[in-house]
Amino acid sequence: MLNKQTFSAIEVCVCIARLQHQFSCSTGQLSRQLGMSVSYLELILKQLKAHDIVCSFRGPGGGYKILGAADQVSMWQIASLFEDLSESSLTESDAALPLYEQGLRQVVEATLREYTLADFASDSPLASQEAAGRVNSLNRFKFKPLTPAWRPKAANSVFQWHMQA
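Reading the values: rules and limits
- Residues numbered from 1 in each chain as written.
- Predicted model: local features only at pLDDT ≥ 70, side-chain atom pairs only at ≥ 80, totals over all residues.
- Heavy atoms only, no water.
- Helix = DSSP H or I, 4+ residues; strand = E, 2+ residues; numbered from the N terminus.
- Buried < 20%, exposed > 50% of the residue type's maximum accessible area, 1.4 Å probe, protein only.
- Contact = heavy atoms within 4.5 Å.
- Areas by Shrake-Rupley, 256 points an atom, 1.4 Å probe, with all protein chains shown as cover.
- Pairing = 2+ DSSP bridges.
- Salt bridge = Lys/Arg side-chain N within 4 Å of Asp/Glu carboxyl O.

Draft legend 1. Representation of the overall build of the chain in the model. If you tally the helices and strands in the chain, you get 8 helices and 2 strands. Scanning the chain from its N terminus toward the C terminus, one meets helices and strands in the order α-α-α-β-β-α-α-α-α-α. Within the chain, the proportion of its 165 residues that are buried is 27%. Considering only intrachain contacts with a sequence separation of at least 6, the fraction spanning at least 24 residues in the chain is 67%. For the chain, the accessible area works out to roughly 11,900 Å², and carbon and sulfur atoms hold 56% of it.

Have a look at this one:
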């Protein structure tokens, strides 16, 4: 029912709403946090910015922020930007399918209208998420961390022997 771009847009908005209290989110930070390419994020953010969901700031410390309060933006406002709401032309043998899809669409729309961005952007501990994001960005193949190199604990020269005692 909902396409991939809709889910990605919702993830982007939730991530911006979570992090906007600390700093504005650049596309690089969002890309690392969500695992999406910068060009794909810019495509989504362009739509969100055109419909006044997010706003952007240039320069040092710039990035994206949610325009207005997060509890005023419903999830349906975000999803409706990326969903094709036109009716598809189907054959007569598939006549029951549009009715089923229409009912399913109404249920999804009603559910998304109930929730706001603030419901998903709670004040959860972001330090552990950011630390996990740093670990994943450093070790993207999920190998175990390397053991530290062994170094002998001895004097390098005869002039350091008095320090070892």
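Further notes follow.
Draft legend 2. Region of the structure containing the pairing of strand E1 (residues 54-57). Here 4 bridges tie E1 to strand E2 (residues 63-66), and the two strands are oriented antiparallel to one another. Note that in E2 the partner of Cys55 across the bridge is Lys65. Between the antiparallel neighbours E1 and E2 lie 5 residues, among them Gly59 with a positive phi of about 90 degrees.

Draft legend 3. Local environment of the pattern of salt bridges. With the rule as written, the count across this model stands at 1 salt bridge. With its nearest N and O atoms 2.6 Å apart, the salt bridge here joins Arg113 to Glu109. Of this pair, Arg113 and Glu109 both sit in helix H5 (residues 96-114), 4 residues apart, roughly one helical turn.

All quantities given are derived from atomic positions and should not be read as evidence of function.
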